[in-house]
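Analysis of the macromolecular model
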Amino acid sequence: MALHRVARFADVSENRGLEVQIADTKIVLLRVGDQLRAFQGECPHAGAPLAEGALCDGRLICPWHKAVYRIEDGALCEPPALDSLKRYPLEVRGDEVWVDDQPMSDAHTPPADDARTFVIIGAGAAGTACAAALREKGFGGRVLLIDRETDAGYDRTVLSKFVIAGEMPPEEVPPLRDENFYREQRIERINAEVTSLDAANKTLHLSDGQSLSYDAALLATGGTPNPLTLPGADLPQVFVLRSKDQAQRILGSAKPGQRAVIIGDSFIAMESASSLRQYGLDVTVLARHAIPFAKQFGDAVGKSIRALHEANGVVFHTDGNATRVEGTTKVEAVRLDNGQRLPADLVLVGIGVSPATAFTGLPLEKDQSLKVDGGMRVTDGLWAAGDIATFPLNGQPQRIEHWRLAQQQARIAAMNMLGGDEHYLDVPYFWTWHFGKNYDYLGHAATWDEVEFKGDPDHPPFIGLFGKDGLVVAAVACDEERAIALLAERMKQPLSVDEAWRLIRDLN
């Protein structure tokens with residue numbers, strides 16, 4: 001045990017972590033009453049500095065993507081992280097804080113002492129989170145992880161934000177778990193497609209001819225990008241973006257100076273517009289709405305994001321619909337129903353996704369999703385999470401396509417597969433990236449009767465609160481990570497707009 005003096009006790013605030021360093025190791029000190037704790041200083045998800053996170057109700061909330069950890073022991077409470085924090089031995093000698101340079105030993109793989117087989121269909125955000133949670137919670141049985149893609153689950157959120165901008169090579173897209181994890185945790189990966197599911201008999205059939213029986217299963221197959229169904233949509237330079245392979249094909253086709261037409265103004269479409277413009281293409285967005293994201297962010301923020309795109313050279317068209325893609329062997333233009341012709345070398349389609357549920361044989365909602373109860377259960381022995389799940393949120397059925405939410409739902413499903421009775425009681429959160437600016441959104445508000453800003457959406461930093469009947473129903477912000485991290489925890493309970501502003505003021 002090699003202890004190092006790193007701080008004075010009085011240096012550690014009760015409402016904020018303190019980052020210290022031993023050689024190259026960053027450590028965050030947290031105060032728990034009259035005691036201190038020492039944990040790894042960077043979030044295991046994406047390396048955010050945890051000292052810049054928020055402390056609330058005994059929890060530490062990551063400033064970047066809002067992973068949540070228990071202050072007492074560093075245990076993971078909420079994704080997108082999939083690991084608890086490493087904890088370091090600590091001693092207080094008088095007023096001096098001494099920390100060991102080696103973390104305490106991690107928990108080991110549960111023993112193979114359970115005869116049950118759990119199957120997870122889909123190895124994306126939800127599927128990988130479920131597999132990790134099953135082992136974290138002590139399940140020692142067989143875990144089968146089935147996925148269409150060859151690679152292990154990876155971070156899809158970077159594809160539209162960084163990969164097609166040329167800032168991150170496709171081969172460097174971070175895996176959600178490395179190969180050692182699957183091997184050490186005895187998680188069996190199967191590269192195949194599930195062709196049919198017999199939920200009544202707890203059996204599924206794979207494209208390679210295998211049949212598998214299970215004791216419990218999670219459906220986490222995600223969404224399939226809606227294709228363009230127009231003449232010319234089969235030309236080789238017409239793309240959708242959901243996978244690393246698709247990102248690689250876009251990069252293989254895109255050249256600086258070319259003309260790209262983005263069809264749609266979804267989050268994927270707009271992030272792709274930003275990325276392709278940064279990659280050097282001339283970008284035109286054929287948008288359905290004059291103000292992007294107004295439904296989620298309100299007019300003020302939506303206008304500011306459009307203005308940011310336009311200031312960087314993106315051109316918007318909102319007065320026509322595509323009728324065909326012109327070209328013989330390659331894309332030449334997109335023709336609109338108003339007679340306009342938009343020259344193009346590349347077309348990227350971002351018009352939403354449809355739940356990948358056709359194989360299930362189960363009753364589906366109108367949007368092809370699966371209805372689940374508050375514990376993510378579809379039927380006996382079967383759960384669903386992520387883009388395919390319509391679940392109860394504040395008493396209303398909702399389907400929300402958020403990365404972090406998919407992981408939260410999968411962790412709930414994992415605990416309930418093990419006999420628990422967990423329900424979603426959190427606040428939906430997502431982030432979107434445009435020309436170097438990250439916008440955080442917290443909540444899920446269909447309507448609001450007041451909106452108030454601190455700062456100017458046109459000139460970040462800013463934070464906006466959306467209120468209904470005096471309570472906060474959503475928040476949007478740019479460069480206010482700590483405030484959003486705090487609200488992510490506090491909005492789990494009813495929070496008045498006035499109290500929210502007080503909390504935000506007290507952070508500064």
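Predicted model only: the values in this text are computed from it and were never measured.

Rules and cut-offs
Residues numbered from 1 in each chain as written. Predicted model: local features only at pLDDT ≥ 70, side-chain atom pairs only at ≥ 80, totals over all residues. Heavy atoms only, no water. Pairing = 2+ DSSP bridges. Helix = DSSP H or I, 4+ residues; strand = E, 2+ residues; numbered from the N terminus. Axes fitted to C-alpha atoms, helices over the stretch in contact; angles between N-to-C directions. Contact = heavy atoms within 4.5 Å. Salt bridge = Lys/Arg side-chain N within 4 Å of Asp/Glu carboxyl O. Domains from an automatic or database assignment. Buried area = accessible area lost by both parts, 1.4 Å probe. Polar contact = N/O pair within 3.5 Å; in protein donor to acceptor, adjacent residues only side chain to side chain. Core = buried A, V, L, I, M, F, W, Y, C linked by side-chain atoms within 4.5 Å. Buried < 20%, exposed > 50% of the residue type's maximum accessible area, 1.4 Å probe, protein only. Parallel < 35°, antiparallel > 145°, perpendicular 65-115°, else oblique. Left-handed = near helix turned anticlockwise from the far one by under 90°. Nonpolar A, V, L, I, M, F, W, Y, C, P; charged D, E, K, R; others polar. Patch = residues over 30% accessible without salt bridge, like charges linked within 9 Å, V, L, I, M, F, W, Y side chains within 5 Å. Areas by Shrake-Rupley, 256 points an atom, 1.4 Å probe, with all protein chains shown as cover. Lys, Arg positive; Asp, Glu negative; His and termini not counted. Charge placed at Lys NZ, Arg CZ, Asp CG, Glu CD. UniProt positions renumbered as here; feature names shortened; annotations may be inferred. Expected span 1.5 Å × (residues − 1). Bend = angle between axes of the 7 residues up to and from the residue.

1. A word on the sheet that holds strand S17 (residues 216-219)
- An order of S13-S12-S11-S17-S30-S29 is seen for the 6 strands of this open sheet, with the pairing classed as mixed. The open sheet has two edge strands with one neighbour each: strand S13 (187-191) and strand S29 (377-379). Strand-to-strand, the axes of this sheet are offset by a mean angle of 25°, without reference to chain direction.
- As judged from the 3 bridges shared by S17 and strand S30 (residues 382-384), these two strands associate in the parallel manner. Directly across from alanine 217, in S30, lies its bridge partner leucine 382.
- Contacting strand S11 (117-121), strand S12 (142-147), S13 and S17, helix H1 (residues 125-136) runs over the sheet at an angle of about 160° to S11.
- Running over the sheet, helix H7 (residues 403-417) touches S11, S17 and S30 and is turned about 170° from S17.

2. What about the pattern of salt bridges?
- A full pass over the atoms with the stated rule returns 34 salt bridges.
- Between aspartate 11 and arginine 8 there is a salt bridge whose closest N-O contact spans 3.1 Å.
- In this structure, arginine 277 engages aspartate 282 in a salt bridge whose closest nitrogen and oxygen atoms are separated by 3.8 Å.
- One connected set of salt bridges, linked through shared partners, spans Arg59, Asp426, Glu489 and Lys492.

3. Quick notes on the domain arrangement of the chain
- What the domain assignment lists for the chain is domain 1 (3-100), domain 2 (117-224 + 354-418), domain 3 (238-351) and domain 4 (436-506).
- Centre-to-centre, using C-alpha coordinates, domain 1 lies 31 Å away from domain 2.
- Contacts between the two partners involve 11 residues from domain 1 and, on the opposite side, 11 residues from domain 2.
- For the pair domain 1 and domain 2, the two sides together bury roughly 870 Å², of which 49% comes from carbon and sulfur.
- There are 1 salt bridge connecting domain 1 and domain 2.
- Of the charged contacts in the structure, one is a salt bridge between arginine 177 and aspartate 83, with a shortest N-O distance of 2.7 Å.
- Viewed at the interface, domain 2 and domain 1 are joined by 5 residue pairs in polar contact (both at pLDDT 80 or more).

4. A look at the nonpolar core
- Core analysis: the biggest nonpolar cluster contains 88 residues, and Leu204, Leu218, Leu219, Leu442 and Leu487 have the highest contact counts within it.
- Contact partners of leucine 442, with chain neighbours within four places excluded, come to Val427, Pro428, Tyr429, Val473, Ala474, Ala475, Ile484, Leu487, Ala488 and Met491.
- Counting 41 residues, the second-largest nonpolar core is a separate cluster that includes Tyr154, Val163, Leu251 and Phe316.

5. Things to note about the packing of helix H5 (residues 267-278) against helix H6 (residues 294-311)
- In contact at an axis separation of 11 Å, H5 and H6 are set at 25° when each is read in the N-to-C sense. Taken together, H5 and H6 sit at an angle that is classed as roughly parallel. Between H5 and H6 lies a crossing of left-handed hand. For the pair H5 and H6, the contacting residues are Phe267, Met270, Ala273 and Ser274 in the first and Gln296, Phe297 and His309 in the second.
- Looking at the contact of H5 with H6, its residues break down into 4 nonpolar, 3 polar and no charged.

6. A few points about a negative patch on the surface
- Together, Asp449, Glu450, Glu452, Asp469 and Asp498 make up a negatively charged patch on the protein surface.
- When you line up the elements, aspartate 449 lands in the loop between strand S34 (437-443) and strand S35 (450-456).

7. Observations regarding the packing of helix H8 (residues 481-490) against helix H9 (residues 497-507)
- Interaxial distance between H8 and H9 falls to 10 Å at its minimum, and their mutual angle equals 140°. The orientation of H8 with respect to H9, classified from their angle, is oblique. The two elements H8 and H9 meet at a crossing, and its hand is right-handed. For the pair formed by H8 and H9, the contact residues are Arg482, Ala483, Leu486, Leu487 and Arg490 on the first element and Glu499, Ala500, Leu503, Ile504 and Leu507 on the second.
- Along the lines of polarity and charge, the residues of the contact of H8 with H9 split into 7 nonpolar, no polar and 3 charged.

8. Remarks on the environment of asparagine 191
- Along the chain, asparagine 191 falls in strand S13.
- On the basis of relative accessible area, asparagine 191 is assigned to the partly exposed category, the value being 45%.
- The residues contacting asparagine 191, other than those within four sequence positions of it, are Asp147, Arg148, Glu149 and Thr150.
- Looking at asparagine 191, its side chain comes within polar contact range of the main-chain oxygen of aspartate 147, at 3.2 Å.
- Of note is the side chain of asparagine 191, whose polar atom sits 3.3 Å from the backbone oxygen of glutamate 149.

9. Observations concerning the sheet that holds strand S14 (residues 194-198)
- Strand order in this open sheet of 3 strands is S14-S15-S16, and the pairing throughout is antiparallel. Unpaired on one side and paired on the other, S14 and strand S16 (211-213) mark the two borders of the sheet. Along the sheet, successive strands turn relative to each other by an average axial angle of 20°, direction set aside.
- One ladder, built from 4 bridges, connects S14 with strand S15 (residues 203-206); its direction is antiparallel. Each residue of the ladder has a partner; that of serine 196, found in S15, is histidine 205.

10. Let's talk about the UniProt feature "domain: Rieske" (unreviewed entry) in the chain
- Here, the residues flagged by UniProt with the feature "domain: Rieske" (unreviewed entry) are residues 4-99.
- Between the end C-alpha atoms of residues 4-99 the distance is 5 Å, and the span holds 0% helix and 46% strand.

11. Concerning H6
- Spanning 18 residues, H6 covers only 19 Å between terminal C-alpha atoms, well under the ideal 26 Å at 1.5 Å per step.
- Of all the bends found along H6, the most pronounced is centred on alanine 300 and spans about 80°.
- Phi for glycine 313, located one or two positions after H6, is positive at around 100°.

12. With respect to the side chain of threonine 117
- The residue threonine 117 is located in strand S11 in this model.
- Judged by its relative accessible area of 13%, threonine 117 is buried.
- Sequence-distant contacts of threonine 117, that is, excluding residues within four places in its chain, are made with Arg142, Leu144, Ser213, Tyr214, Asp215 and Ala216.

13. Observations concerning unusual backbone geometry
- The peptide bond linking proline 79 to proline 80 adopts the cis configuration, its omega dihedral lying at 20°.
- By the secondary structure assignment, proline 80 is in the loop between strand S8 (76-78) and strand S9 (90-93).
- The omega torsion across proline 460 and proline 461 is 15°, close enough to zero to call that bond cis.
- Along the chain, the position of proline 461 falls in strand S36 (residues 459-468).
- The phi angle at methionine 376 is positive, at roughly 75°, despite the residue not being glycine.

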